[in-house]
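For reference, the chains in residue letters:
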Amino acid sequence: MSIHENLLGGPPPTHLPDDPEPRELLASGAAPAEVAAKYPASSLAWAQLADEAFEGGRVVESYAYARTGYHRGLDALRRSGWKGHGPVPFEHEPNRGFLRALHALARAAGAIGENEEHERCSTFLRDSSPTAANTLG
């Protein structure tokens, strides 16, 4: 038996491939809009745009950025073998952009009163990564 075998019979964790360029640009202080324009598939860049917009009181803009990052992340998850459920560990750094976008989408949905979307995204985040749900708030 492998040490990584899932004894509960659920799907294995999904680990997105590493895409260090957008992460490194953002860490070096590059503007998230520039990074998103150069790397439009980067959920991390869209999540950071969503966070900045939310912090600036631009909630609808935050919602739009978060939704873009969320959908880009879903595309990446599916390409990585994800079947619509199962763990997406926050501990795996390349997964964090998607999880941050999902959190930002839940937060913005709640702020504009889209309660069903807020609940759906909050549950999805908890089910995908309890660590992300606890870390991101």
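This write-up is about the structure you can find in this document. What you see is a predicted model; the values in this text were computed from it and never measured.

**Thoughts on the overall build of the protein**
Across its full length, the protein carries seven helices and zero strands. The N-to-C order of helical and strand elements in the protein reads α-α-α-α-α-α-α. Split into buried and exposed, the 137 residues of the protein put 39% on the buried side. Taking the intrachain contacts of the protein between residues at least 6 apart in sequence as the baseline, contacts between residues at least 24 apart amount to 61%.

**Regarding the packing of aromatic side chains**
All chains considered together, the criterion is met by five aromatic pairs. Here W46 and Y65 contribute two aromatic rings whose centre-to-centre distance is 6.0 Å and whose plane-to-plane angle is 35°, an arrangement assigned as tilted. Taken together, the positions of W46 in helix α3 (residues 43-55) and Y65 in helix α4 (residues 59-79) put the pair 19 residues apart, joining distant regions of the chain. Exposure remark for Y65: the relative accessible area of 22% places this residue in the partly exposed category. A centroid spacing of 5.9 Å and a plane angle of 65° characterise the contact between F98 and F124, whose relative ring orientation is edge-to-face. Within this pair, whereas F98 is found in helix α5 (residues 96-111), its partner F124 is found in helix α6 (residues 115-128), the two being separated by 26 residues in sequence. Classification of F124 as buried rests on a relative accessible area of 15%. By way of ring pairs, the aromatic residues Y70, W82, F98 and F124 are connected into one cluster.

**So, the environment of D51**
Looking at where D51 falls in the secondary structure, it is placed in helix α3. When the C-alpha positions of D51 and Y65 are compared, they lie 8.8 Å apart, and in sequence the two are 14 residues distant. Setting aside anything within four residues of it in sequence, one finds D51 in contact with R100, A104 and R107.

**Topic: the packing of α5 against α6**
For the pair α5 and α6, the least separation of the axes is 8 Å and the interaxial angle reads 155°. Looking at the two axes, α5 sits roughly antiparallel to α6. Crossing handedness for the pair α5 and α6: left-handed. When α5 is examined against α6, the residues F98, L99, L102, H103, L105, A106, R107, A109 and G110 are found in contact with a partner set consisting of E117, H118, C121, S122, F124, L125 and S128. Of the residues belonging to the contact of α5 with α6, the class tally is nine nonpolar, five polar and two charged.

**Digging into the nonpolar core**
In terms of nonpolar packing, the biggest core is built from 24 residues, with Y70, L74, L77, F98, L99, L102 and F124 touching the most fellow members. No other element matches the eight residues that α5 contributes to this core. Aside from chain neighbours lying at most four places away, what touches L99 is V88, P89, F90, L125, S128, S129, A132 and L136. One finds L26, A36, A45 and W46 within the second-largest nonpolar core, a separate group that totals eight residues.

Definitions and limits used
Residues numbered from 1 in each chain as written. Predicted model: local features only at pLDDT ≥ 70, side-chain atom pairs only at ≥ 80, totals over all residues. Heavy atoms only, no water. Helix = DSSP H or I, 4+ residues; strand = E, 2+ residues; numbered from the N terminus. Buried < 20%, exposed > 50% of the residue type's maximum accessible area, 1.4 Å probe, protein only. Contact = heavy atoms within 4.5 Å. Phe/Tyr/Trp six-rings, centres within 6.5 Å; stacked < 30°, edge-to-face > 60°. Axes fitted to C-alpha atoms, helices over the stretch in contact; angles between N-to-C directions. Parallel < 35°, antiparallel > 145°, perpendicular 65-115°, else oblique. Left-handed = near helix turned anticlockwise from the far one by under 90°. Nonpolar A, V, L, I, M, F, W, Y, C, P; charged D, E, K, R; others polar. Core = buried A, V, L, I, M, F, W, Y, C linked by side-chain atoms within 4.5 Å.

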